[in-house]
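This is what each chain is made of:
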Amino acid sequence: MKIVDHILGLIETSVIVITSIGMIVCITLQIMVRYLQLDSLYWTEELARYCMIYCVFFGVSSGFKTGAHIGVDALLLALPQRISKWVTLLSKVIVLALCILLTKAAVDYVAVSRASVSLSPTLKLPMYYIYYTVCIGFGLSAIRVLMTVIDFWQTEILQKPKGV
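Definitions and limits used
Residues numbered from 1 in each chain as written. Predicted model: local features only at pLDDT ≥ 70, side-chain atom pairs only at ≥ 80, totals over all residues. Heavy atoms only, no water. Helix = DSSP H or I, 4+ residues; strand = E, 2+ residues; numbered from the N terminus. Rg over C-alpha atoms; globule rule 2.2 N^0.38 Å. Buried < 20%, exposed > 50% of the residue type's maximum accessible area, 1.4 Å probe, protein only. Contact = heavy atoms within 4.5 Å. Areas by Shrake-Rupley, 256 points an atom, 1.4 Å probe, with all protein chains shown as cover. Polar contact = N/O pair within 3.5 Å; in protein donor to acceptor, adjacent residues only side chain to side chain. Expected span 1.5 Å × (residues − 1). Bend = angle between axes of the 7 residues up to and from the residue. Phe/Tyr/Trp six-rings, centres within 6.5 Å; stacked < 30°, edge-to-face > 60°. Lys NZ or Arg CZ within 6 Å of the ring centre and 35° of its normal. Patch = residues over 30% accessible without salt bridge, like charges linked within 9 Å, V, L, I, M, F, W, Y side chains within 5 Å. Salt bridge = Lys/Arg side-chain N within 4 Å of Asp/Glu carboxyl O.

Visitor: Can you walk me through the overall build of the protein chain in this structure?
Guide: When its secondary structure is counted, the protein chain shows five helices and zero strands. Listed by position from the N terminus, the elements making up the protein chain come as α-α-α-α-α. Computed over the C-alpha atoms, the radius of gyration of the protein chain is 20 Å, more than 25% above the 15 Å expected from 2.2 N^0.38 for a compact globule of 164 residues. Across its three principal directions, the C-alpha atoms of the protein chain cover 65 × 35 × 35 Å. Every one of the 164 residues in the protein chain was classed for burial, and the buried ones make up 30%. Across the protein chain, the fraction of contacts at a sequence separation of at least 24, relative to all contacts at a separation of at least 6, is 72%. Counting every atom, the protein chain has about 10,800 Å² of accessible surface; 72% of that belongs to carbon and sulfur.

Visitor: Would you take a moment to explain unusual backbone geometry for this structure?
Guide: Residues apart from glycine generally show negative phi values, whereas peptide bonds are mostly found in trans. Despite not being glycine, Val117 shows a phi value in the positive range, around 50°. Exposure remark for Val117: the relative accessible area of 48% places this residue in the partly exposed category. Positive phi is not limited to glycine here, since Lys124 has a value of about 60°. Along the polypeptide, Lys124 turns up in the loop between helix H4 (81-116) and helix H5 (128-157).

Visitor: Please clarify how the side chain of Ser84 should be interpreted in this entry.
Guide: Along the chain, Ser84 turns up in helix H4. At 3.4 Å, the side chain of Ser84 and the backbone oxygen of Leu76 are in polar contact. Setting aside its immediate chain neighbours within four residues, Ser84 contacts Leu76 and Leu79.

Visitor: What is the right way to look at helix H2 (residues 43-66) in this model?
Guide: At 3.6 residues per turn, the α-helix brings residues three or four places apart onto the same side. In this model, H2 (24 residues) spans 34 Å end to end at C-alpha, consistent with the 34 Å of a helix rising 1.5 Å per residue. Of all the bends in H2, the greatest, near 25°, is centred on Val60. Listed as buried for H2 are Thr44, Glu46, Ala48, Tyr50, Cys51, Cys55, Phe57, Phe58, Ser61 and Gly63. On the buried face of H2, the contacting elements are helix H1 (2-35) and H5. Just beyond H2, the residue with positive phi is Gly67, at close to 75°.

Visitor: Looking at this structure, how should I read the packing of aromatic side chains?
Guide: The way to describe two aromatic rings as a pair is by their centre distance and the angle between their planes. According to the stated counting rule, one finds six aromatic pairs in the structure shown. Ring geometry for Tyr128 and Tyr132: centres 5.9 Å apart, planes at 85°, overall edge-to-face. With a gap of four residues between them, Tyr128 and Tyr132 both fall in helix H5, about one helical turn apart. Ring pairing ties together the aromatic residues Tyr128, Tyr129 and Tyr132, which thus form one cluster. Here the guanidinium or amino end of Arg114 rests over the ring plane of Tyr128, the centre of that ring lying 4.5 Å away.

Visitor: Would you explain a nonpolar patch on the surface in this entry?
Guide: A contiguous nonpolar surface patch, about 250 Å² in accessible area, is contributed by Met1, Leu146 and Ile150. With respect to the helices and strands, the residue Ile150 is situated in helix H5. With a relative accessible area of 33%, Ile150 lands in the partly exposed category.

Here is the structure:
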């Protein structure tokens, strides 16, 4: 599981860094061109938007690794510790099921959009390239959540030390 975690981490970080740099370059280029009062670069806004979409969906997966997503723990704090562990496990399983369902829905949507061959307004890219991001993002999130469920099961429910 450590190898999968490492590989996913490299992929997520690489995509997040590359797309963030892409956004910065596109927006900076657009500002410079407008400041110099040259003709506007019409494609930079769309490319920056698509970079942001990729950055967000890969960031969602990365957020599951670090536990960065918000949660309401008032109920968990009020419950006895033993019951709290099972409620936490149940919530993680529900999130896993949701990620799997959203991945399936996104895959179905991409299949439909491939048939229609809609293009982006300025870059003329097939829109399913952008829609693939949702599939990948929720798919990676499902893997990450599954990893947290397994880790939680081993460390909290079975009470095994981490890494065993």
